[in-house]
Amino acid sequence: MTATVIDGKVFAAKVRAQVQAHVAKLRESHGIQPGLAVVLVGEDPASQVYVRNKHASTIEVGMASFEHRLAADTSEADLLALVNSLNADPKVHAILVQLPLPAHLNSELIINTIDPAKDVDGFHISNVGLLGTGQKSMVPCTPLGCLMMLRDHHGSLAGLNAVVVGRSNIVGKPMAQLLLGDSCTVTIAHSRTKDLAAVCRGADILVAAVGRPEMITGDYVKPGATVIDVGINRIERDGKNKLVGDVHYESAAKVAGAITPVPGGVGPMTIACLLANALTACCRVNGLPEPDGLTA
C-alpha cells in the first residue's frame, strides 16, 4: 500500500482563495474590510519570519494588516495597554500576540486580556471553555486546519476511531475536542501512554502532535489509516539540516491510506486558518453569516 498524500499547500491555497472571495464580497456589499492586528515583542528570528508571512498573506487576501513591533524590554503594562487599545479599535476584528513572549511577560495574562471575540488564535480561556463544551468559539488555527483536511478527505468523520498523540493546549487538547464534535471516538495519548504503538494501531485517524522527531513509525499505523503529522522538527542528517515531522514518513506511508508530509502538510494550513478565523471574527461581530466551510 502507498498512502495518498494530503497536500497542505494545495489545500491552503483553496482556503486562501475562499477567504479572498468572501473578503471581496464583504467590502462590496457591506463596506467592511476585515482587519488583523499582529503584535510582536522582541526580535526572535523565527517569530519575525512568521509575522512577515502573516502580514503578506493578510494583504494578499484583501484584509487590513496592523503590525505592532515592540522592543524586547517592553513592560507588561505597556503591552496590556496596547492589547486593550486593539480590543477597542473597531477596525481591528482579530488580534494575535506572537508567542513566545520574552520571559518577563506573563503570556497567560496577555492572552486572556485579548477580547475573546478577537482572539484569532483561540487561546483565550473563554474560547477554550466554549470549545470544550461544544459551543461556538474561536478555534486554534492548527487543529482547525487538520479538521478541514480530514473532512475533505473523509467526508463524514462520524464513528471513526481517532487517536491524538500529544496533550498540549495548542494542538492536542483542541484537536481532540474538534474530533469529538464531528462524532469521532477519541483517545488522547502521549509519550507516557502504555503500549503507545498498540493504542495508535486502533486508530482510523492518527494525529501526531507529540514534538518528538519521527517517533511514530509504520508499526504504529493501522493499515489504511489517515495520518496527520503536526510535528515540525529540525534535525541534522547526513551533515545537513532537515525538517521532519513526528511521524517517520517513509515507513508510515507504506501502511497508511493517507498521510500529510512534512514540510508541505499541516504547516501551510496554519496561516490559511488564521486568515479564515480573522474573517469569521469579522462576520460574527457584524452579525453577518459566517463563511461556509471555514469554521469548525
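Note that the structure is a prediction, hence the values are computed from the model and not measured.

Okay, the side chain of Lys118 next. Inspection of the secondary structure puts Lys118 in the loop between α4 (107–111) and α5 (125–132). Buried charged residue Lys118 carries no salt bridge. Nearest counter-charge: Asp115, at 5.3 Å. Dropping the residues within four chain positions of it, Lys118 is found in contact with Leu86, Asn87, Ala88, Asp89, Val92, His93, Ala94 and Ile95.

Bridging between strand β2 (residues 35–41) and strand β3 (residues 64–70) involves seven bridges; their strand directions are parallel. Within β3, the residue paired with Val38 across the bridge is Glu67. Assessed by its sense of winding, the connection that carries the chain from β2 through helix α2 (residues 45–60) to β3 is right-handed.

With that settled, the discussion passes to a positive patch on the surface. A contiguous patch of positive charge, built from Arg167, Lys173, Arg192 and Arg212, is present on the exposed surface. Tracing the backbone shows Arg212 in the loop between β7 (205–208) and β8 (226–229).

Here we take up the sheet that holds strand β5 (residues 161–165). The six strands are arranged β1-β11-β8-β7-β5-β6 in an open sheet whose pairing can be described as parallel. In the strand order of this sheet, the two ends are held by β1 (4–5) and β6 (185–189), each with one partner. Strands β7, β8 and β11 (258–259) of the sheet are contacted by helix α6 (residues 141–154), whose axis makes an angle of about 160° with β8.

A word on the sheet that holds strand β4 (residues 94–97). Reading across the sheet, the three strands line up as β3-β2-β4 and stay open at both edges, with parallel pairing between neighbours. Looking at the sheet topology across the chains shown, the edges are occupied by β3 and β4. Strand after strand, the sheet turns through a mean of 15° between neighbouring axes, direction not considered. Pairing of β2 with β4, which is carried by four bridges, proceeds in the parallel orientation. Note that in β4 the partner of Leu36 across the bridge is Ala94. Sheet contacts for α2: β2, β3 and β4; angle to β3, the most-contacted strand, approximately 160°.

Definitions and limits used
Residues numbered from 1 in each chain as written. Predicted model: local features only at pLDDT ≥ 70, side-chain atom pairs only at ≥ 80, totals over all residues. Heavy atoms only, no water. Helix = DSSP H or I, 4+ residues; strand = E, 2+ residues; numbered from the N terminus. Buried < 20%, exposed > 50% of the residue type's maximum accessible area, 1.4 Å probe, protein only. Lys, Arg positive; Asp, Glu negative; His and termini not counted. Salt bridge = Lys/Arg side-chain N within 4 Å of Asp/Glu carboxyl O. Contact = heavy atoms within 4.5 Å. Pairing = 2+ DSSP bridges. Right-handed = clockwise from strand over helix to strand, strands pointing away. Patch = residues over 30% accessible without salt bridge, like charges linked within 9 Å, V, L, I, M, F, W, Y side chains within 5 Å. Areas by Shrake-Rupley, 256 points an atom, 1.4 Å probe, with all protein chains shown as cover. Charge placed at Lys NZ, Arg CZ, Asp CG, Glu CD. Axes fitted to C-alpha atoms, helices over the stretch in contact; angles between N-to-C directions.

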